[in-house]
There are 2 protein chains.
Amino acid sequence: MAELRSKPPAPADDGDAANFCSTCVFGTVCAAHDVDKIALSELHFLVEHIGPFRAGSHIFRTGEPFKAIYAVRSGVVKTVYAGSAGREYIAGFHLPGEVIGLAAIHEQRFPCDAIAVDTAYLCRFEFRTLATLTTRLPQVQAELFRLLSKDIGSATVLAGEPAADERLAAFLLGLSRRLAARGFSARVFRLPMVRRDIANHLNLAPETVSRVLRRLHDQGWIRVLDRQIELLRPDELARLAGALLPVPQVRR
Amino acid sequence: MAELRSKPPAPADDGDAANFCSTCVFGTVCAAHDVDKIALSELHFLVEHIGPFRAGSHIFRTGEPFKAIYAVRSGVVKTVYAGSAGREYIAGFHLPGEVIGLAAIHEQRFPCDAIAVDTAYLCRFEFRTLATLTTRLPQVQAELFRLLSKDIGSATVLAGEPAADERLAAFLLGLSRRLAARGFSARVFRLPMVRRDIANHLNLAPETVSRVLRRLHDQGWIRVLDRQIELLRPDELARLAGALLPVPQVRR
DNA sequence: CCCAGGGCTTGACCTGGATCAATGCATGCC
DNA sequence: GGCATGCATTGATCCAGGTCAAGCCCTGGG
């Protein structure tokens with residue numbers, strides 16, 4: 001498994017006056033031809049590059065007043081909800097190009113913590129300004145609607161209380177596909193988070209994660225070396241995951 | 001328990017040229033003073049009243065192209081996702097004033113079925129028209145953002161995989177509060193759905209729902225007669241539910 | 001160098017809730 | 001009326017995964 005990338009990818013490009021970061025969620029807007037150029041430059045102007053956040057440090061905290069949404073530029077960020085009895089629940093891991101903070105619009109406070117899993121850089125979008133801008137940039141409004149809508153179903157994945165194997169298969173495959181959509185290898189990748197976090201996110205005990213990984217390995221469907229993962233039989237994993245994960249998104 | 005309402009509430013009011021239905025999600029928009037009256041009348045014009053849908057009939061189906069969002073006017077509607085292996089999962093029950101279909105924006109197809117639980121009337125909002133309108137009506141845009149954002153966290157409730165008792169407590173209390181927010185009794189109400197649906201929604205077996213209801217009853221916290229429910233100790237239920245249900249919303 | 005601490009794995013045991021099965025009780029249909 | 005159907009409840013059994021415990025390996029610090 002020497003071919004595995006052992007270090008995180010090179011620092012994200014920062015975009016320039018004319019173009020946003022290549023991974024940016026608003027990339028499509030930027031690429032469109034009929035966009036009001038002045039408004040577009042305003043959108044660009046409103047973006048604030050922030051970071052680095054070291055592993056474990058907060059981007060925002062539960063209860064903080066909602067001021068902005070954030071797009072991950074590089075690194076990985078987890079969103080953590082406080083559960084009952086001091087437990088916490090990791091709702092998701094967010095890769096470069098993904099947006100966090102949208103759930104805060106409703107109550108105007110963040111309902112969860114956002115914590116860097118490894119060193120992370122983000123883009124910050126002041127929300128009031130963004131919302132004003134969208135009245136002049138219908139494409140951006142549409143994109144925002146899309147982003148919000150996308151997040152609605154996301155938690156539904158665990159809803160059927162699938163078996164541990166199905167959860168893990170869906171998790172690995174989902175990660176693989178999201179990485180692939182951002183230009184990384186779909187077959188071979190590195191888990192950025194510790195087992196405990198995977199377990200928490202999937203509502204399993206860390207021990208169970210270990211056991212299932214071993215089971216999948218013994219069946220010859222994956223190779224595991226520490227946090228390095230190789231998917232040998234994504235087809236079998238997909239069969240296992242069943243309807244859990246979204247359609248093999250042909251994004252954009 | 002003779003005081004229990006044994007029939008569903010009177011038919012919802014239909015609003016008039018100047019005001020929307022009293023339960024309508026866009027009620028606040030309507031009440032605002034500084035709204036562009038012409039645009040507002042357009043919003044009203046765009047609403048289409050549909051129904052009745054008899055119990056079991058579809059408002060929309062999984063995979064259908066997304067054309068509109070819907071607000072429940074009266075009755076109760078469930079949203080059902082197809083799970084793996086032919087199972088289905090009930091993501092939520094939607095009361096009058098609540099909006100369904102928002103999750104379809106992302107893929108431009110409905111990701112779930114919407115099925116009437118009892119006789120239901122709805123309002124239909126053509127989405128393209130609505131989205132165009134929002135560029136002139138910032139309040140409506142903000143309301144849409146709020147609605148979308150609200151739905152993001154909703155599935156997170158089951159995320160911690162709480163015990164059966166906690167789930168049921170949270171479910172009953174949540175229902176009670178949502179009903180109260182719409183002017184019904186918070187203490188005494190009628191479950192509109194069968195046990196099987198409750199079980200499915202909470203990821204429990206119907207037998208477990210029965211047993212837990214009995215347990216809560218034996219502790220003197222609720223009274224159950226068929227689908228009639230009386231909450232005797234909402235405080236205890238809230239303690240049980242813990243952090244599962246949202247803060248006792250002071251809505252708007 | 002040794003040691004401490006954390007992440008990961010593996011084994012042994014236990015339990016909450018699923019599953020299977022039977023019964024009671026409505027409602028609707030012929 | 002008599003029967004079928006479907007909902008609800010209760011009892012008996014089973015198992016997936018949680019919990020507890022032990023051991024391994026790696027890294028970093030004194």
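Please read all numbers here as calculations on a predicted model, not as lab measurements.

Visitor: Before we move on, could you go through the interface of chain B and chain A and cite the residues and values that matter?
Guide: The partner chain A presents 36 residues to the 36 residues of chain B that form the contact. Buried surface at the junction of chain B and chain A, summed over both partners, amounts to about 3,100 Å²; 61% is from carbon and sulfur atoms. Here chain B is connected to chain A by 0 salt bridges. Applying the counting rule to chain B against chain A returns 13 residue pairs in polar contact (both at pLDDT 80 or more).

Visitor: Break down the protein's contact with DNA strand D for me, with residues and values.
Guide: Around DNA strand D there are 16 residues in total, and Ala164 and Thr208 of chain A together with Arg195, Arg196 and Ser210 of chain B lie nearest to it. Within 4 Å of the protein, the contacting atoms of DNA strand D are drawn from sugar and phosphate to the extent of 61%. One of the backbone nitrogen or oxygen atoms of alanine 205 of chain A is found 3.1 Å away from a phosphate oxygen of DNA strand D. Between DNA strand D and arginine 196 of chain B, the relevant distance is 2.7 Å, taken from a phosphate oxygen to a side-chain nitrogen or oxygen of the residue. Listing elements by their share of the surface near DNA strand D, those giving two or more residues are helix H7 (206-218) of chain A together with helix H6 (195-202) and helix H7 (206-218) of chain B. In terms of residues, the surface near DNA strand D owes the most to one element, H7 of chain B, which gives 4 residues.

Visitor: Can you tell me about the pairing of strand E5 (residues 88-94) of chain B, naming the residues and giving the values?
Guide: The side chains of a regular strand alternate between the sheet's two faces. All names here are of chain B. Burial analysis of E5 places 5 of its 7 residues in the buried class, the great majority of the element. Of the pairings in the sheet, the one linking strand E4 (residues 77-82) to E5 comprises 6 bridges and is antiparallel in character. By the bridge assignment, alanine 82 is partnered in E5 with glutamate 88.

Visitor: Quick one: what's the story with the packing of helix H5 (residues 164-181) of chain B against H6 of chain B, residue by residue and with numbers?
Guide: Residue and element names in this part refer to chain B. It is the contact of H5 with H6, at a shortest axis distance of 11 Å, that shows an interaxial angle of 115°. With respect to each other, H5 and H6 are oriented roughly perpendicular. The handedness of the crossing between H5 and H6 comes out as right-handed. On H6, the residues touching Arg167, Leu168 and Phe171 of H5 are Ile198, His201 and Leu202. Here the residues of the contact of H5 with H6 are counted per class, giving 4 nonpolar, 1 polar and 1 charged.

Visitor: Now, about the relation of the copies chain B and chain A: what can you tell me, with residues and values included?
Guide: Between the two copies, chain B and chain A, the superposition gives an RMSD of 0.1 Å; the rotation angle is 180° and the shift along the axis is 0.1 Å. Both copies are brought into coincidence by an operation consistent with a two-fold rotation axis.

Visitor: Tell me what's going on with the sheet that holds strand E6 (residues 99-100) of chain B, and back it up with residues and numbers.
Guide: All names here are of chain B. In spatial order, the strands read E1-E8-E3-E6; together these 4 strands make up an open sheet with antiparallel pairing. Edge positions in the sheet fall to strand E1 (47-53) and E6, since each has one partner strand and no second. Note that E1 and strand E8 (residues 120-126) share 5 bridges and pair antiparallel. Across the sheet, the residue bridging to phenylalanine 53 is alanine 120, located in E8. Sitting on the sheet, helix H3 (residues 127-134) is in contact with strand E3 (68-74) and E8, with an inclination near 60° to E8.

The rules behind the values
Residues numbered from 1 in each chain as written. Chains lettered and ligands numbered in written order. Predicted model: local features only at pLDDT ≥ 70, side-chain atom pairs only at ≥ 80, totals over all residues. Heavy atoms only, no water. Contact = heavy atoms within 4.5 Å. Buried area = accessible area lost by both parts, 1.4 Å probe. Salt bridge = Lys/Arg side-chain N within 4 Å of Asp/Glu carboxyl O. Polar contact = N/O pair within 3.5 Å; in protein donor to acceptor, adjacent residues only side chain to side chain. Near = heavy atom within 4 Å. Helix = DSSP H or I, 4+ residues; strand = E, 2+ residues; numbered from the N terminus. Buried < 20%, exposed > 50% of the residue type's maximum accessible area, 1.4 Å probe, protein only. Pairing = 2+ DSSP bridges. Axes fitted to C-alpha atoms, helices over the stretch in contact; angles between N-to-C directions. Parallel < 35°, antiparallel > 145°, perpendicular 65-115°, else oblique. Left-handed = near helix turned anticlockwise from the far one by under 90°. Nonpolar A, V, L, I, M, F, W, Y, C, P; charged D, E, K, R; others polar. Least-squares fit on C-alpha atoms with pLDDT ≥ 70 in both.

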